Protein chains: 2
Amino acid sequence: MTTRYVLKCVLCGKEFEPQPERYVCDVCGLDGTLDVIYDMKEAGSAISCAALAENRDMSLWRYRAMLPVEKEAHIPALAVGWSPLYKSEKLADTYGVKELFIKDDGRNPTASLKDRASAVGVAKALDFGQHVVACASTGNAASSLSGFAAVAGLKSYIFVPEKAPAAKVTQLLVYGANVVLVKGDYADAFNLATAAIEKFGWYNRNCAINPYLVEGKKTCAMEIAEQLEWSVPDKVFISVGDGCCISGLYKGFSDLMQLGMIDRMPQIIGVQAEGAKPIYDAIQSGAERIAFGPADTIADSISVGAPRNWAKALRAMRKSDGTAVAVTDEDILSAIPELARASGVFGEPAGVTGFAGFKKMAAAGKIGKDERVAVVVTGNGLKDIESAKKSVGKALLCEPDIDAFAKMI
Amino acid sequence: MTTRYVLKCVLCGKEFEPQPERYVCDVCGLDGTLDVIYDMKEAGSAISCAALAENRDMSLWRYRAMLPVEKEAHIPALAVGWSPLYKSEKLADTYGVKELFIKDDGRNPTASLKDRASAVGVAKALDFGQHVVACASTGNAASSLSGFAAVAGLKSYIFVPEKAPAAKVTQLLVYGANVVLVKGDYADAFNLATAAIEKFGWYNRNCAINPYLVEGKKTCAMEIAEQLEWSVPDKVFISVGDGCCISGLYKGFSDLMQLGMIDRMPQIIGVQAEGAKPIYDAIQSGAERIAFGPADTIADSISVGAPRNWAKALRAMRKSDGTAVAVTDEDILSAIPELARASGVFGEPAGVTGFAGFKKMAAAGKIGKDERVAVVVTGNGLKDIESAKKSVGKALLCEPDIDAFAKMI
C-alpha cells in the first residue's frame, strides 16, 4: 500500500534512500532540505479522482498512497485534515473576484495546519522504531506534536524559550509533553534541542529539517483541489514563516499535476508580516538565496527571521508563477474580525495573514475580476485571544433596565 | 423535504402548531418546554441506515429529514457536526470496561457542542423571517450564536454580566455581535435580555426556551449511533448545566428508536459539578421537580443553579434507566490532562466533566466489565486556558547547555 519513494535535495538534486537519520542533504547541509519523490507510476495505480470520490475516509489519510508512511498501524488515532473549504460570495463581491474560498485549517485536532505535519511525523517516528520525538518551538508545531505524540504513546520533549507565553506552555503540559524552558531566546532553545536530539538519538520533528512533514502539509492543497472538484483556483494565499506550509501547498499541487489529476498549477502567493519578511525580500529582489533578518510581528506563528525551509518556499512562489506580499500588523489585526464576520472563520494573527495579503493585492488591482481565489487560514483564533482583543472595539455597558437599554440602541 | 411536526409540552403533553412566538407551553409556563414531534411515517420514508451509508454530507444536516428546518437556503454555511468519535483501548483497560468511546464536540466551528443548536436556531430564525437573534449567556452558547448569526447575515444581541471574562467577550466582539455588558449578575442579564427580546420582537435563542435548539443537539446522539454502526453503547456520559445537552441526547436516541434505526436506548448519565447540582439532587431524592440552588464551580459552562430545561433533563435520565453523578472541581481539573494524554482530546472543564463522572462511577464498581461506554466532550480546552493551567505541573527550567540538560533528565 505504501508507494516507493526516495529523498531528493531541493538545491543540488542529490538523491538519498529514506533512513531514520537522513534529514538534509550531505552536500548542501541545512539549506538542502529534501523532497519526497514517489514512483508516480505506482502511485497512479493506487490513487485517482474516481477512487477518491468513493473514499469515505474524511481525513488526510485518504491520500495515503501519496504519503510516506509504511504501516497502517502507525497512523495516529486523531481525525486530521479534510477541513472545511467555504465559499464566500460576500468577500468575493467586496474584493471584486469571481470566487473566493476560505480553507479553515483551525479545525484540526490541536487547532492548526501543523497537525497535518505532526500526524505524518509521528507515524514516521513509529515506522523508524523511535520512542521519543522532540522539537524546539514556541507555538503550534509544539502543541501539535505533543498532542499527536500523546495519542501515539510516544514520549515528547519540547524546547521553548523561558519567556514563552504561559498559555502555549499550558497546552503542552496538558498533553503530557516534557516541556523544557530554556534560559535564553529561541535560538538558545533551538540549539539545545538540536544538541539533545543528537546526543540522545531522538526523532527530530523540525518541519523544515524532517523531510516527511511537508508531505503532511501538502494534503491541504490536495483537499482544496478535490473540494473544488479538481478545478484548481487561479491563486492560493497562505502566510509564510519558516516556509514549510507554502512548500506543502506547492508539493501537493505539484504531485497532483504529475498524477494528471489537475491540469495546471495555481499561482501560490506567500504572505509575510512586514516585521519578519526575509522571504518576501528575496522574491522582491530576485535573490537566489535569502538573507536572514529581524522577526518582530504580532503574528507569532510566522515571526521567523531565519526561515529554515527558504529554498522550498522560494521555489513554491517562483515555479508556480506566484509572488510574495508583505502586510503590516495593523492589516493582520483588522483582518481577524473582518474574516470572522464574513465567513464565520475566527483565525489567529498568522491564521488570517493570508487573507490580509489577498486584500492588499486585490486593493492594488493585481487580481483579475475573473479569478478564483483560495485563502488558507492556518490556525484558530482561540489560540491567541490577547491579539484578537486588540482587533475589536468595546462592548456596550448598560444598567439592568429595559428603558435604559432602549435609549442606548 | 421537511417532515411535518408539532410542538408538545414535556409536562402536560399539550400540543401546539409551530409559530415564531411559540416558545413554551401556555399552561405550564417556562417549566413547560416543548418537544418537536415529527410525523414518523413521513420521516421514515426519508431517512434510513442504508440511505445514510451513501450520504456524503459529513455534517449534522445529513439528518435533515429529522430536523425542523423549512428551507435549504436557510442552512448556515458553516460545517457543523459529524465530530470524531474515538475509541480508547487505553482508557477502557484502565477503567475495566469493554469499550470506551470519546465524542469530541470541541471540533465544531466555534469549538463547542452548542454549535449544533445555533445552526438550527439560526436556520429557524430565517425560516420565521427574523432579522435579529438574541440570548443571555456568558459562555459557549453566546460565542456560537454570534458566529452563526454573522455567517447567516443576522444581527445578534448578546447580554452578559458585566464581570464576564474578557476572553469570552472578545470572541463575541470578533464575530460582530452587539455585546451588552449588564451591570449586575447573570440573572440581571437574563432578565434584561428577556425584556429586550419581548420589546423589540427579536428571535430568542435560549436553548431551553426555544424548542428547536435541542433538535440541533440531538444530532450528537444520532452521530454516536451511526458512528458505532447503529449498535449503541450501554451508557453515555455527558455534563449537565441547564439540561439542554442531555435532553438532546435523549431526544436523538429516542427518535432513532421510533424510526427503528436502533433497538434499545443507552442509559444516559448526567454529570454535574458538586457546586451546581440541582438536577443531581432531584435524581437522588426522586423529586418530581427540581429545587434551584447555588452555582459555584470552575466548570463555567455548567455553573447553573437554575436550569431552565430541568424537566427534559430529568426525563432523559429516568426514561433511559440512567442516573446522575456529581464530581468535585478537583475531579474535573484532573480529568483534563488525563483525557488529553490518553485520547488527544483537550477539553474545557465542563467539556471533561462527563469523563470525570465516568471515572467516578467506574471506580465505584457501578459499570460492568462487559459494558460499552461513550463520553461526550462538550467544549474545547482552548476556551479556558486558565483552568487548564491549574490542572498541570510546571515545566523544567534549564540552562542552554547540553551537559546541564543531560544531568536534569
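The coordinates are above.
Residues numbered from 1 in each chain as written. Chains lettered and ligands numbered in written order. Predicted model: local features only at pLDDT ≥ 70, side-chain atom pairs only at ≥ 80, totals over all residues. Heavy atoms only, no water.

## Structural notes on empty space enclosed by the protein
All names here are of chain B. What counts here: Method remark: on a 1 Å grid restricted to protein atoms, a set of points is classed as a cavity if a 1.4 Å probe fits but cannot get out and as a pocket if it is open with protein on both sides within 12 Å along at least five of seven lines; lining residues have an atom within 4 Å of a point. Grid points are joined across faces, edges and corners, and a volume is the space filled by probe spheres set on the points. By the convention adopted, Pro, Cys, Tyr, Trp, Phe, Met, Ile, Leu, Val and Ala count as nonpolar, Lys, Arg, Asp and Glu as charged, and the other residues, Gly among them, as polar.
Scanning the model with the defined rule gives five cavities of 30 Å³ or more in all. In this structure, the largest cavity spans a volume of roughly 150 Å³. Lys 114, Ser 239, Cys 245, Ser 301 and Ile 302 are the residues nearest the centre of the largest cavity, which is lined by 19 residues in total. Classifying every residue of the lining of the largest cavity by side-chain character gives seven nonpolar, eight polar and four charged.

## Remarks on the sheet that holds strand 2 (residues 15-16) of chain A
Residue and element names in this part refer to chain A. For clarity, the threshold we go by: Only when DSSP finds a minimum of two bridges between them are two strands counted as paired. Helix numbers and strand numbers start at the N terminus; a helix is a DSSP run of H or I with at least 4 residues, a strand a run of E with at least 2.
Across the sheet, which stays open at both edges, the four strands sit in the order 2-1-4-3 with antiparallel pairing between neighbours. The open sheet has two edge strands, strand 2 and strand 3 (24-25), and neither has a second partner. The sheet contact formed by strand 3 and strand 4 (residues 29-38) spans two bridges and is antiparallel. Bridge pairing in strand 4 places Cys 25 opposite Gly 29.

## What about the nonpolar core?
In plain terms, the rule: What is meant by a nonpolar core is a set of buried Ala, Val, Leu, Ile, Met, Phe, Trp, Tyr and Cys residues, joined one to another through side-chain atoms within 4.5 Å. Type-normalised accessible area, obtained with a 1.4 Å probe on protein chains alone, sets the label of each residue: buried when under 20%, exposed when over 50%, and partly exposed for intermediate values. Working rule for contacts: check all heavy atoms of both residues, and any pair within 4.5 Å makes them a contact.
Grouped together as the largest cluster of nonpolar side chains are 297 residues, with contacts concentrated most on Trp 61, Phe 159 and Phe 358 of chain A together with Trp 61, Phe 159 and Phe 358 of chain B. The contacts of Phe 159 of chain B, once residues within four sequence positions are left out, are Phe 405 of chain A together with Cys 135, Ala 136, Ser 137, Val 180, Val 182, Ala 189, Leu 192, Ala 193, Ala 196 and Trp 202 of chain B.

## Quick notes on the interface of chain B and chain A
Heads up, the rule is: Simply put, the buried area is the total loss of 1.4 Å probe accessible area from both parts when two parts are fitted together. Only one rule defines a salt bridge in this text: a Lys or Arg side-chain nitrogen within 4 Å of an Asp or Glu carboxyl oxygen.
On the side of chain A, 70 residues touch chain B, which itself brings 71 residues to the contact. Taken together, both faces of the contact between chain B and chain A bury some 5,800 Å²; the carbon and sulfur share is 68%. Taken together, the connections running from chain B to chain A amount to two salt bridges. Residue Lys 183 of chain B pairs with Glu 399 of chain A through a salt bridge whose shortest N-O separation is 3.1 Å. It is helix 6 (residues 166-174) of chain B that provides the largest number of residues to the side of chain B that touches chain A, a total of seven residues. Of the residues belonging to the side of chain B that touches chain A, the class tally is 47 nonpolar, ten polar and 14 charged.

## What about the state of the cysteines?
Residue and element names in this part refer to chain A. Under the convention used in this document: Here, two cysteine sulfur atoms that lie within 2.5 Å of each other are counted as a disulfide.
According to the stated counting rule, one finds zero disulfides over all chains in the structure shown. Between Cys 220, a cysteine without a disulfide, and Cys 245, which holds the nearest cysteine sulfur, the sulfur-to-sulfur distance is 8.1 Å. With relative accessibility at 1%, the residue Cys 220 sits in the buried group.

## What to know about the side chain of Ser 137 of chain A
Residue and element names in this part refer to chain A. Cut-off, in case you're wondering: N or O atoms within 3.5 Å of each other form a polar contact, as long as, within protein, one can give a hydrogen and the other can take it, and as long as residues adjacent in sequence are counted only when both atoms are side-chain atoms.
With respect to the element layout, Ser 137 can be found in the loop between strand 7 (132-136) and helix 5 (140-152). For Ser 137, a relative accessible area of 9% gives the class buried. In terms of polar contacts, Ser 137 uses its side chain to reach the backbone amide nitrogen of Gly 139, at 2.9 Å. Excluding residues within four positions of it along the chain, Ser 137 makes contact with Ala 142, Ile 158, Phe 159, Val 160 and Tyr 186.

## Section: the pattern of salt bridges
Between side chains of opposite charge, a pair can form as their charged atoms come close. All names here are of chain A. Tallied over the full model, the rule gives 48 salt bridges over all chains. Note that Glu 70 and Lys 124 form a salt bridge whose closest N and O atoms lie 3.6 Å from each other. Within this pair, whereas Glu 70 is found in the loop between helix 2 (49-54) and strand 5 (85-87), its partner Lys 124 is found in helix 4 (residues 114-127), the two being separated by 54 residues in sequence. You can call Lys 124 buried: its relative accessible area is 0%. In this structure, Glu 223 and Lys 103 form a salt bridge, with 2.7 Å as the shortest nitrogen-oxygen distance. Remark: Lys 103 occurs in strand 6 (residues 99-104) and Glu 223 occurs in helix 8 (residues 213-227); sequence separation between them is 120 residues.

## A look at a nonpolar patch on the surface
We apply this condition: Like-charged residues are merged into a patch within 9 Å and nonpolar side chains (Val, Leu, Ile, Met, Phe, Trp, Tyr) within 5 Å, provided each residue has over 30% relative accessible area and no salt bridge. Shrake-Rupley sampling with a 1.4 Å probe provides the accessible areas, and residues are treated as covered by the protein chains on show and by no other component.
On the surface, Phe 200 of chain A together with Leu 396, Met 408 and Ile 409 of chain B cluster together into a nonpolar patch covering about 300 Å² of accessible area. With respect to the helices and strands, the residue Ile 409 of chain B is situated in the segment after helix 15 (402-408). Judged by relative accessible area, Ile 409 of chain B falls into the partly exposed class, the value being 41%.

## Remarks on unusual backbone geometry
Most peptide bonds adopt trans geometry, and most residues besides glycine take a negative phi value. Residues and elements named next belong to chain A. With a phi angle near 50°, Trp 82 is a residue other than glycine that sits in the positive phi range. Of note, Trp 82 is situated in the loop between helix 2 and strand 5. Overall, the relative accessible area of 23% leaves Trp 82 in the partly exposed class. Phi at Ala 111 takes a positive value of approximately 80°, unusual for a residue other than glycine. Here Ala 111 is to be found in the loop between strand 6 and helix 4. What makes Ala 111 buried here is its relative accessible area of 3%.

## Brief notes about the sheet that holds strand 4 (residues 29-38) of chain B
Residue and element names in this part refer to chain B. Strand order in the open sheet made by the four strands is 2-1-4-3, with antiparallel pairing throughout. Edge positions in the sheet fall to strand 2 (15-16) and strand 3 (24-25), since each of these pairs with one other strand and no more. In terms of strand pairing, strand 1 (residues 5-9) meets strand 2 through two bridges, oriented antiparallel. Along strand 2, the bridge assignment pairs Lys 8 with Glu 15.

## Some details on the packing of helix 4 of chain A against helix 8 of chain A
Residue and element names in this part refer to chain A. Rules: Between N-to-C directions, angles span 0 to 180 degrees; the directions come from axes that are lines fitted to C-alpha atoms, helices contributing only their stretch in contact. With respect to orientation, any angle under 35 degrees is reported as roughly parallel, any angle over 145 as roughly antiparallel, any angle of 65 to 115 as roughly perpendicular, and every other angle as oblique. Each crossing gets its hand from how the near helix is turned against the far one by less than a right angle, where anticlockwise is left-handed and clockwise is right-handed.
In contact at an axis separation of 7 Å, helix 4 and helix 8 are set at 130° when each is read in the N-to-C sense. When the axis of helix 4 is compared with that of helix 8, the two are oblique. Crossing of helix 4 against helix 8: the hand is right-handed. Counted together, Lys 114, Arg 116, Ala 117, Val 120 and Gly 121 of helix 4 and Leu 213, Gly 216, Lys 217, Thr 219, Cys 220 and Glu 223 of helix 8 form the full contact between these two elements. By residue class, the composition of the contact of helix 4 with helix 8 is four nonpolar, three polar and four charged.

## Thoughts on the side chain of Asp 127 of chain A
Residues and elements named next belong to chain A. Turning to its location among the elements, Asp 127 is positioned in helix 4. The class for Asp 127 is buried, based on a relative accessible area of 18%. For Asp 127, the side chain forms a polar contact with the main-chain nitrogen of Glu 70, separated by 2.6 Å. The contact partners of Asp 127, leaving out residues within four places of it in the chain, are Pro 68, Val 69, Glu 70, Lys 71 and His 74.

## Focus on helix 4 of chain A
All names here are of chain A. Put simply, the rule is: The span one expects for a helix is its residue count, reduced by one, times 1.5 Å.
Between the first and last C-alpha of helix 4 there are 20 Å, a value that for 14 residues agrees with the 20 Å anticipated at 1.5 Å per step. Of all 14 residues in helix 4, 13 are buried, a share of seventy percent or more. Remark: Gly 129 follows helix 4 within two positions and exhibits a positive phi of approximately 70°.

## Points about the packing of aromatic side chains
Our working definition: Pairs were defined over the aromatic rings of Phe, Tyr and Trp, the Trp ring being its six-membered one, requiring ring centres within 6.5 Å. Orientation was assigned from the angle between planes: stacked under 30 degrees, edge-to-face over 60, tilted for the rest. Lysine and arginine charges are scored as sitting over a ring when NZ or CZ, respectively, is within 6 Å of the ring centre and within 35 degrees of the ring normal.
One pass over the full model with this rule turns up 32 aromatic pairs over all chains. Note on Tyr 5 of chain B and Tyr 212 of chain B: the rings are 6.2 Å apart at their centroids and 80° apart in plane angle, and the pair reads as edge-to-face. Of this pair, Tyr 5 of chain B sits in strand 1 while Tyr 212 of chain B sits in the loop between strand 10 (203-204) and helix 8 (213-227); the two residues are 207 residues apart in sequence, bridging distant segments of the chain. A relative accessible area of 10% means that Tyr 5 of chain B is categorised as buried. Classification of Tyr 212 of chain B by relative accessible area gives buried; the value is 1%. The rings of Tyr 5, Tyr 23, Tyr 38, Phe 128, Tyr 203 and Tyr 212 of chain A are connected pair by pair, giving a single aromatic cluster. The lysine or arginine in question, Arg 62 of chain A, covers the ring of Tyr 63 of chain A, its NZ or CZ lying 5.9 Å from the ring centre. Over the aromatic face of Tyr 212 of chain A sits the side chain of Lys 124 of chain A, whose NZ or CZ is 4.8 Å from the ring centroid.

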